[in-house]
Amino acid sequence: MGDLDLVAGSELNMNLIWASILIPVATAAVIAVASARAARSLAALGSLASLGALVAFAWQFPAWSTGAIFPEPCGCAWLESINATLGVGFDSVSLLLALLEAFLIPICVIGSWTAISERQREYYGWFMLLHASILLAFAARDVLLFYVGYEFTLVPLLFIIAIWGGPERRQAAQKLFLYTFLGSLFFLGSILFVGWQHHASTGLWSWDMATLSTFASVRLPANTQFWLFAALLAGFAVKIPLFPVHTWLPLAHTQAPTAGSVILAGTLLKLGTYGVFRLALPMAPEGGAALAVLASVLCTVAVVYAALICWVQTDAKKLVAYSSVSHLGICMLGLFALNPVGAQGSVLYMINHGLSTGALFLLVGMAYERYHVKDMDQIGGLAKRMPVWAFFMVFFTMSSIGLPGLNGFVGEYLCLFGTYIATGDASTGYPGLLGPGFALVAATGLVLGAMYMLLLVGRYVFGPLREPKDATHGKHGHHGHGEDHGDLTGREVGLLVPLALVCLFIGVYPKPMLQAIGPVVERTLAPYPAAVERALKSQPHAAEAAQAEPKEDDRG
Amino acid sequence: MVDMSQTAVLLAPEIVLFAASMLVAVLGLSRSTGTRSLVPWVCVAALVASILALDAVWTPERIQGANLLFPMLGKYGKALIALIGIGLVAVSAGSIDRRYEEAVARGRASFDALRVVRGEYYAFLLLSLTGAMLVMSAPDLIWLFLGLELVSLPTYIMVAVARTGRRSMEAAMKYFFLGALATAVTLYGFAMLYGATGTMQLISMRDLLAEQAAGPGLSATALLGTILTVLGLCFKLAAVPMHFYAPDVYEGAPLPVTAFLSFTPKIAGFSALVTVLGTVGWSGHAMVDHDGIRIAYQGLPQPITAVLWMVAVLTMLLGNIGGILQTSLKRTLAYSSIANSGYMLVGVIIGPQGGIGAMYLFMLAYGVMTVATFAVLATLERKGEEVDSFESLSGLRSSHPVLAFLLTVSALSLLGVPPLFGALAKIVLVFVAFEGGQASLAAVLLLNTAIGAVYYLRFVGAAVVNPPNAKSQDVVAVPHWWPKAAAVVAGVGIIVLPAFLSRLVDASATTVDGYIDLGEAVVSDADDRPSTSTTD
C-alpha cells in the first residue's frame, strides 16, 4: 500500500475512531430525552453502531503486523500552553482491547434487557458513557487524554453499581470509587512528573505516550525510574487488582448488576494491565527490572491465595470474582517475565480473560435472574432445568481453566512458559529475573483453579437438583415470564454464541492474534534486556554502594 | 506621583458598583413591590456594567501611572469577581427575604420599612464586592487595608441580616469578633512592614526590600511583618490557623450568605496575600549555608515559605478530614471551602512562575462550582426551611432530576473527576507545584483530593443513588427562577469550560503580567531604575 493512500485514508480513519467514541455519547444524550421504553433499544443500536465504526477501522488498519501506531497522532492541541493534544490512534494491542470492549458492550446492553426494570434511561445512559470513556482510554495516545478516559470510567461504574446493584451496593460502589480514585492519583502524579521532566530537560512540552516513554526510559536516572515505576505500578495495581489492594473487587463484583460485572471483568480491569503494559514498562525499564521480582511475588501470592479463597466459596458470583483475581495474577506474571513470550501471552490473556470471565458472569447472572439466589448451598444441579445453560457453563468453565483447544490455554501456557524461561541466562536475548520457581508456584494456582472451577460445575450445574423454596414467589416482581425457570431464551443464546465462537477461534487458531501482538510487545520490551542485565549485575554491587555512601558523608 | 484623576478613571468598575449599591439601598425601601423586585436586576446590571467599564479603562497606558505592584491583576481579577458576583446575586435572589416579601404581596403583612431587608442586603453585597475589587488595585498598604475592611464589614451584617434566629446571631457575633482579631493581626503585620521599610507604597517597599535582600538579607522586622500579615489574612481565606470560625459561621448564616462567604472574602484575601508577598518577592533571596556561603535560590524567603507550607498542608488536611466528619451540608461545604483554600495556597507558594496564574484559574473554577452547588441548595427548601442534611437530599433525582444532575456535576467537579473544570484546574495546580520544585506539595494535594472524595461522594450518593425517604419527601423547589438559572448556567459552565481551558489558562496567567519580582528589581536597579518606583 502506498504512502499516498495512507495520508488520504488517515483522516477517515481518525474520524472512524472518534465516531466509535462519540456515538455512545450521542446515544446517551438521546436516551436522556427519549422515553424510558426506547432506552434499551437505543442503547443496543448505539453500541452496535460504535462496534461497526471500530470494525470498519480495524478492517482498514494497516499496522497489524508492524506494531506501528495508526493513524499518526494529530497535533490538534487541546491545551496549547503545555501542548496537551487530543491525539488518538491504535496499535494492534490497543486495537484488540478496544475491539474486545466494543464487542462486549452490545452483549452487556442486550444482556440487561430483562434484568434492569427500574430507571432504565439512566442505566443505559451511564452504560453508554462508560463505553465511551473506556474506548477513549484505549484509543488515547496522549497520556492526559488517557487519564481523562481512565478516570471518568469510575463515575458511570459508581452509578451502575450503587443504583442497580445488590443489597450492599452502596458500600461496594464507595469502596470501588475510593480505592481506584486514590490509585489513579498516583498515576496522575507520575505522568505529570514525567511531563515536567521532559519540559525541564528538552524545553518542549509533550504528552505523547511514545515521546514520553522514550524520553523517560533514556533520560531519567535509574533511581528516578525506580520510583516512577513504583508509583505507576501502585496506581495500576489497584485497578488490576494485585494482591494487597484487591479487596474492593470481590465486593464490587458480587454487588454489581450482571452487565456491570461483565464489563468490569471484561475490560475495566484491563485498563490497569494495559496501563502497566503501555506506560509503566516502557517509561521506566530500570524501575521495571528492579521491581519485577517484587511485583511477581505479589502476583504469585494472588494466584495461589485467591485460588484458595475460591475453593471455599459458596457464592457462585464471588467464586468467579476471586478467580478473576487469581487469573490476573498469572496475566501480570507473564508481563513481568519481561520477555516477548510472556508478554505476548499476557496480552492474549487480557483478551481471553475478558471473554471467558465475562461469559461466566453473564451465565451466573442468567441463573440469578431466574432464581434470585447465588449461594450454591441453596441452588444446584441446574443442568436438569436448563440444559442449554449448562452446556455454555461447562464450555466457558473449560475456556477459563485453560483446556487445550479453547482460548484460555494459549495465553496461560505462554505466560507460564515465559515465566519459566525468564532466567538470568542471556542466550535467549531476553534475560529475566523470575525462572522456574515462579512458574511452578503459579502452576499450582492453575491446578487449584481447575479444581475449584470443576467444583463449581459439579455443584452448581450437575449433581442433584436443589432449588430455593421461595424462588417461585418472584420477590423481584417479575410477574408473567420471570417466574418460569425454563432454559435460556433465544436472546440469551444469541449473546453467548458469539462469545463461544470467538473463544473457540482463538483457541484453535491463535496465530493471527499472536502475530499482531508480537511486534508491539517486542517494541515495548526493547529496552529490557539491557536493563535486566544491569539489574542482575548491580545486585551484588548494590550492597557495596550502600556501604560506600555513608563513608562519603563522613568525609564531607 | 500618583495621578489622582487617572486613578479615578481606573476605579470606574468600583465606582459603578458603589453607585449601584446606593441606588439599591433606596430602591429596596420602596413601598411598591414591583420596584423592590427590580433590586436584583439592578445588581446584575451594575456588575455587567462594571465588567464593561473594566474592559474600557484597564489599558496598559492608564495603569502606567497607577503605581501598582501587579498592574494586570485587576483586569482578570475584577472581571472574575463581577462574574461570580452575578451568580451570587442570583443565589440570593428569591430566598433571602422571600417569606416577608410574599406575605406583603399577599397582603398578609403590611409593608414596614424597618423590617424589609432587601435594600440593605444587596447594597452590602455590592459594597463587599467593591471592596474585593479595591484590594486588587491597591498601590499602598493603607488602601489595601481599607479594601479588606470594606470586604469584611458588610459581610458581618449580611450574616445577621436574615434574622433566621439565634444561630444566625451567634454566627454573626462569632464572625465579627474573630474577624476583628484577625484584622488586628494583619494590621500589626502592616505596621511592622512599615517599620522595616519606612514606606507604605508597595512598589517602594519592594525596592527597599530588594536592596535589603541583595545586601544583608531581609530584616527580622520585615520577615515577621510578612508572616503576621499572612496569618491575619488566613481568616479571609478560611485557612489554618484562622479557620475555626468557618464551620459555625457557614452553618449559622443563611445559605446565600454562606455562598457569598465562601467566595468573596477568599478572593480578596488571596489577592491581598499575593500583593503583600509580591513586595518580598519569589526570587533573589539568599540562604547562608553552614560554611557561611550565600546561595541564591528561587522562591519566597525560607521562613515565609515554611509558614505558608505548613499553613497549606494543614489547611488541606484539616479541611478534608473535617469534611468527612460532618453531617450538615453547610458544615461540609465549609470544610470543603477550607480545603480548597489549601489547594490555592500551593499556587501562592510557587509564585509568579505559573503558580499565581494557576491559583486564579482554580479560583474561577472554585467560584463556578460554589455558585452551582449553592444555587442548587438555595433552590430547595423543606417546610419553609433551608435543607441542611444529606437525608433531605435523598432521592432528589426522582423529584428534581435536573437539580440532582447539576448537584452531581458540581460535586464530581469539586471531587476532581476529569474532564470537569474543577479537576482540570486542580491538575494545573499540581502541575505548577511540580514545576516550581514543590513535589511534596503536589503529593499532598493529590492525597487530599483522594481524602476529599469521601465527602463529595455523599452529595452524589444522596442526590442520585439513594431512594427518597420520609425527610426528603417534603423537599420542594422554591418558586423563583433566579437560583435555578444560576445553577443551570454554572453547571453547564463546569462541563463546557474545559473546552476553553487553553484560553482560560492564558487569561489567568496575565494576572502577573508587568510584575517585577525582587530579584529582577535588583538587576534592573543596577542598570536603570524604573521611573515608576521613585515616588517621593
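Predicted model only: the values in this text are computed from it and were never measured. (Residues numbered from 1 in each chain as written. Chains lettered and ligands numbered in written order. Predicted model: local features only at pLDDT ≥ 70, side-chain atom pairs only at ≥ 80, totals over all residues.)

Another aspect to go through is the overall build of chain B. For chain B, the helix and strand inventory stands at 25 helices and 5 strands. The globule rule puts the C-alpha radius of gyration for 536 residues at 24 Å, and the 23 Å found for chain B is close to it. With the C-alpha coordinates aligned to their principal axes, the bounding extent of chain B is approximately 75 × 50 × 40 Å. The buried share of chain B, reckoned over its 536 residues, is 60%. (Helix = DSSP H or I, 4+ residues; strand = E, 2+ residues; numbered from the N terminus. Rg over C-alpha atoms; globule rule 2.2 N^0.38 Å. Buried ≥ 20, exposed ≤ 12 C-beta atoms within 10 Å, placed from the backbone.)

Of the regular secondary structure elements, chain A holds 20 helices and 2 strands. A compact globule built from 556 residues would reach a C-alpha radius of gyration of about 24 Å, and chain A, at 23 Å, matches this within 12%. Considered along the principal axes of its C-alpha atoms, chain A spans approximately 85 × 50 × 45 Å. Within chain A, buried positions represent 59% of all 556 residues. In chain A, 80% of the contacts between residues at least 6 apart in sequence involve partners at least 24 apart. (Contact = placed C-beta atoms within 7 Å.)

On to unusual backbone geometry. At the junction of Phe-70 of chain A and Pro-71 of chain A, the peptide bond is cis and its omega measures out at -15° in the coordinates. Looking at the element boundaries, Pro-71 of chain A is found in the loop between helix H2 (39–60) and strand E1 (77–79). In the segment running from Val-240 of chain B into Pro-241 of chain B, the intervening peptide bond is cis, with an omega of 5°. Mapping Pro-241 of chain B onto the fold places it in the loop between helix H12 (220–237) and helix H13 (245–252). A positive phi angle, close to 50°, is found at Arg-119 of chain A, a residue other than glycine.

All names here are of chain B. Overall, the prediction assigns chain B a mean pLDDT of 88, with 93% of residues at 70 or greater. Contacts from residues 523–536, a stretch scored under 50 in pLDDT, to residues over four places away or in other chains number 14 contacts. Across the interfaces of the predicted complex, the ipTM metric reaches 0.86, alongside a pTM of 0.89. (pLDDT = per-residue confidence, 0-100.)

We now examine the confidence of the model for chain A. All names here are of chain A. Confidence in the prediction of chain A, expressed as mean pLDDT, is 87, and 92% of residues score 70 or more. Averaged over each element, pLDDT in chain A is lowest for helix H20 (residues 528–555) (61) and highest for helix H4 (residues 120–139) (94). The model gives residues 1–7 a pLDDT under 50, and that stretch makes 3 contacts with residues more than four places away or in other chains. Considering only residues more than four positions removed or in separate chains, one finds that residues 471–482, a stretch of pLDDT under 50, has 10 contacts.

With that settled, the discussion passes to helix H11 (residues 202–214) of chain B. The end-to-end C-alpha distance of H11 of chain B is 18 Å, a good match for the 18 Å that 13 residues give at a rise of 1.5 Å each. The set of residues buried in H11 of chain B consists of Leu-202, Ile-203, Ser-204, Met-205, Arg-206, Asp-207, Leu-209, Ala-210 and Ala-213 of chain B. (Expected span 1.5 Å × (residues − 1).)

Our focus in this paragraph is helix H23 (residues 482–496) of chain B. All names here are of chain B. With 15 residues, H23 extends 21 Å from end C-alpha to end C-alpha; this agrees with the ideal 21 Å at 1.5 Å per step. All of the buried residues along H23 are Trp-482, Pro-483, Lys-484, Ala-486, Ala-487, Ala-490, Gly-491, Gly-493 and Ile-494. At its buried positions, H23 is contacted by helix H4 (39–57), helix H6 (73–92), helix H17 (355–379), helix H20 (401–415) and helix H21 (421–435).

Note on sheets: strands pair through backbone hydrogen bonds, and any given pair is parallel or antiparallel. All names here are of chain B. As summarised here, the arrangement of the 3 strands in space is E4-E3-E5, forming an open sheet in which the pairing is antiparallel. Edge positions in the open sheet fall to strand E4 (385–386) and strand E5 (475–477), since each of these has one partner strand only. With 3 bridges joining them, strand E3 (residues 380–382) and E5 adopt antiparallel strand pairing. Bridge pairing in E5 links Glu-381 to Val-476. (Pairing = 2+ DSSP bridges.)

Further remarks concern the packing of H4 of chain A against helix H5 (residues 143–152) of chain A. Residues and elements named next belong to chain A. The N-to-C vectors of H4 and H5 enclose an angle of 150°; their axes lie 8 Å apart at closest approach. One element, H4, and the other, H5, form an angle in the roughly antiparallel class. Like other packed secondary-structure pairs, H4 and H5 cross with a definite hand, here left-handed. Contact residues: Ser-133, Ile-134, Leu-136 and Ala-137 in H4; Leu-145, Phe-146, Val-148, Gly-149, Tyr-150 and Phe-152 in H5. (Axes fitted to C-alpha atoms, helices over the stretch in contact; angles between N-to-C directions. Parallel < 35°, antiparallel > 145°, perpendicular 65-115°, else oblique. Left-handed = near helix turned anticlockwise from the far one by under 90°.)

Here we take up the interface of chain A and chain B. Each side of the interface is counted separately: chain A has 23 residues, and chain B has 23 residues. Elements that contribute at least two residues to the side of chain A that touches chain B include exactly H5, helix H6 (154–164) and helix H7 (169–202) of chain A. No other element matches H7 of chain A, which puts 12 residues into the side of chain A that touches chain B. Class assignment for the residues of the side of chain A that touches chain B results in 17 nonpolar, 3 polar and 3 charged. (Nonpolar A, V, L, I, M, F, W, Y, C, P; charged D, E, K, R; others polar.)

Right, let's get into the packing of H13 of chain B against helix H16 (residues 329–350) of chain B. Residues and elements named next belong to chain B. Taken N-terminus to C-terminus, the directions of H13 and H16 make an angle of 140°; their axes are 8 Å apart at the nearest point. The orientation of H13 with respect to H16, classified from their angle, is oblique. For the pair H13 and H16, the sense of crossing is right-handed. Where H13 approaches H16, its residues Ala-246, Pro-247, Tyr-250 and Glu-251 are matched on the opposing element by Lys-330, Arg-331, Leu-333, Ala-334, Tyr-335, Ser-337 and Ile-338. When grouped by side-chain class, the residues that make up the contact of H13 with H16 number 7 nonpolar, 1 polar and 3 charged.

A few words on the environment of Ala-292 of chain A. Residue and element names in this part refer to chain A. Structurally, the position occupied by Ala-292 is in helix H12 (residues 285–311). Between the alpha carbons of Ala-292 and Phe-127 there is a distance of 36 Å; along the sequence they are 165 residues apart. Here Ala-292 is in contact with Phe-336, Leu-338 and Leu-433, once residues within four sequence places are set aside.

Here the focus is the environment of Glu-386 of chain B. All names here are of chain B. On the secondary structure map, Glu-386 appears in strand E4. In this structure the C-alpha to C-alpha distance between Glu-386 and Asn-469, which are 83 residues apart in sequence, comes to 17 Å. Residue contacts for Glu-386: discarding those within four places in its chain leaves Leu-255 and Glu-381.

Topologically, Leu-150 of chain B is positioned in helix H9 (residues 141–161). Apart from residues no more than four positions distant in its own chain, Leu-150 of chain B is found in contact with Leu-127, Thr-130, Gly-131 and Leu-134 of chain B.

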